[in-house]
Amino acid sequence: VDSNAGNRLWVYDGGSDAFELVGVEDEIPSVSRNLVYNGNFEALDGSGNLATTTIPAGFSVIDAATFDYGTSADPDLRWGDGTYLIATDVDGSDGFSVVLTNLAASTTYKVIARVAEEDASDVCTVTTTGAAANMTSAASAGIAWQTLSGTFTTASALDTVTVTFVSTAAGDICNWDNIGV
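Thresholds applied
- Residues numbered from 1 in each chain as written.
- Predicted model: local features only at pLDDT ≥ 70, side-chain atom pairs only at ≥ 80, totals over all residues.
- Heavy atoms only, no water.
- Helix = DSSP H or I, 4+ residues; strand = E, 2+ residues; numbered from the N terminus.
- Buried < 20%, exposed > 50% of the residue type's maximum accessible area, 1.4 Å probe, protein only.
- Contact = heavy atoms within 4.5 Å.
- Areas by Shrake-Rupley, 256 points an atom, 1.4 Å probe, with all protein chains shown as cover.
- pLDDT = per-residue confidence, 0-100.
- Pairing = 2+ DSSP bridges.
- Axes fitted to C-alpha atoms, helices over the stretch in contact; angles between N-to-C directions.
- Core = buried A, V, L, I, M, F, W, Y, C linked by side-chain atoms within 4.5 Å.
- Disulfide = S-S within 2.5 Å.

Examining the overall build of the protein chain
Helix and strand counts for the protein chain come out as zero helices and 12 strands. Counting helices and strands in the order they occur from the N terminus, the protein chain gives β-β-β-β-β-β-β-β-β-β-β-β. When each of the 181 residues of the protein chain is scored for burial, the buried share is 40%. Considering only residue pairs separated by 6 or more positions, the protein chain has 68% of its internal contacts joining residues 24 or more positions apart. When the accessible surface of the protein chain is split by element, carbon and sulfur atoms take 53% of a total near 9,200 Å².

In structure tokens form, the structure reads like this:
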């Protein structure tokens, strides 16, 4: 924190080897602003261990998806220790979701997630349902970590919005991390 500049927060970015000012408008969700609990999949399961084959608390399984966890030193996984969720599609359109409640009326929210497909034929998508204006974002073909993002807008009354993270075909494997709203 730079007390000489109005208590602004400067964060070191290893990719550019420089400090960058983090502002409210930045895409990096802070813990106090992120509506998705444990979107970096690093919270322990209560026994002191990472959940190894289950979806973390707060998320729901879609259809028959199976889960595992991996770790990476990849600098593209910028928050936490590099733990990510591996979701395998068993029979088509499998994955996981998170439900957001008590959202402000007539408000636009931004969804971001980091994803890497296991191979170039896998298709990984993020969508929302329940908002007045929903979003869909699909990963480009390839296996490198990339950011999926989009916005949804709530109606004039309070909305409950479901954010889904799915693949499209049996056998697709999507590695997810740094999910934020």
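From this point on, the discussion continues.
Some remarks on the confidence of the model for the protein chain
The predicted model of the protein chain averages 79 in pLDDT, with 74% of residues at 70 or higher. Across the protein chain, element-level confidence peaks in strand E8 (residues 124–129) with a mean pLDDT of 94 and bottoms out in strand E1 (residues 9–13) with 56. Note that pLDDT drops below 50 for residues 23–32; the model gives that stretch 14 contacts with residues more than four away or on any other chain.

Things to note about the sheet that holds strand E4 (residues 66–71)
One open sheet holds the five strands; their spatial order is E4-E5-E12-E7-E10, and the pairing between them is antiparallel. Only two strands of the sheet have a single partner each, and these edge strands are E4 and strand E10 (146–153). Direction aside, neighbouring strands of the sheet carry axes that sit 35 degrees apart on average.

What about the nonpolar core?
Among the nonpolar cores identified, the biggest contains 31 residues, and Phe41, Phe96, Val126, Phe152, Phe165, Trp176 and Ile179 are the most heavily contacted of them. Breaking this core down by element, the ones donating at least two residues are E4, strand E5 (83–88), strand E6 (95–103), strand E7 (108–117), E8, E10, strand E11 (159–167) and strand E12 (173–180).

Description of the state of the cysteines
Within the structure shown, the criterion is met by one disulfide. Between Cys124 and Cys174 runs a disulfide, and the two sulfur atoms are separated by 2.1 Å. An S-S torsion of about -100 degrees defines the bridge between Cys124 and Cys174 as left-handed. With Cys124 in strand E8 and Cys174 in strand E12, this residue pair connects regions lying 50 residues apart in the sequence.

A word on the pairing of E10
Alternating residues of E10 divide into Gln146, Leu148, Gly150 and Phe152, all buried, and Thr147, Ser149, Thr151 and Thr153, none buried. Sheet topology note: the E7/E10 ladder contains eight bridges and is antiparallel. Opposite Ile112, over in E10, you have Ser149 as the bridge partner.

Description of the environment of Pro56
Along the chain, the position of Pro56 falls in the loop between strand E2 (18–22) and strand E3 (60–62). The exposure class assigned to Pro56 is buried, which follows from its relative accessible area of 8%. In this structure the C-alpha to C-alpha distance between Pro56 and Ala43, which are 13 residues apart in sequence, comes to 8.1 Å. With residues up to four places along the chain from it excluded, the contact list for Pro56 reads Asn38, Phe41 and Tyr69.

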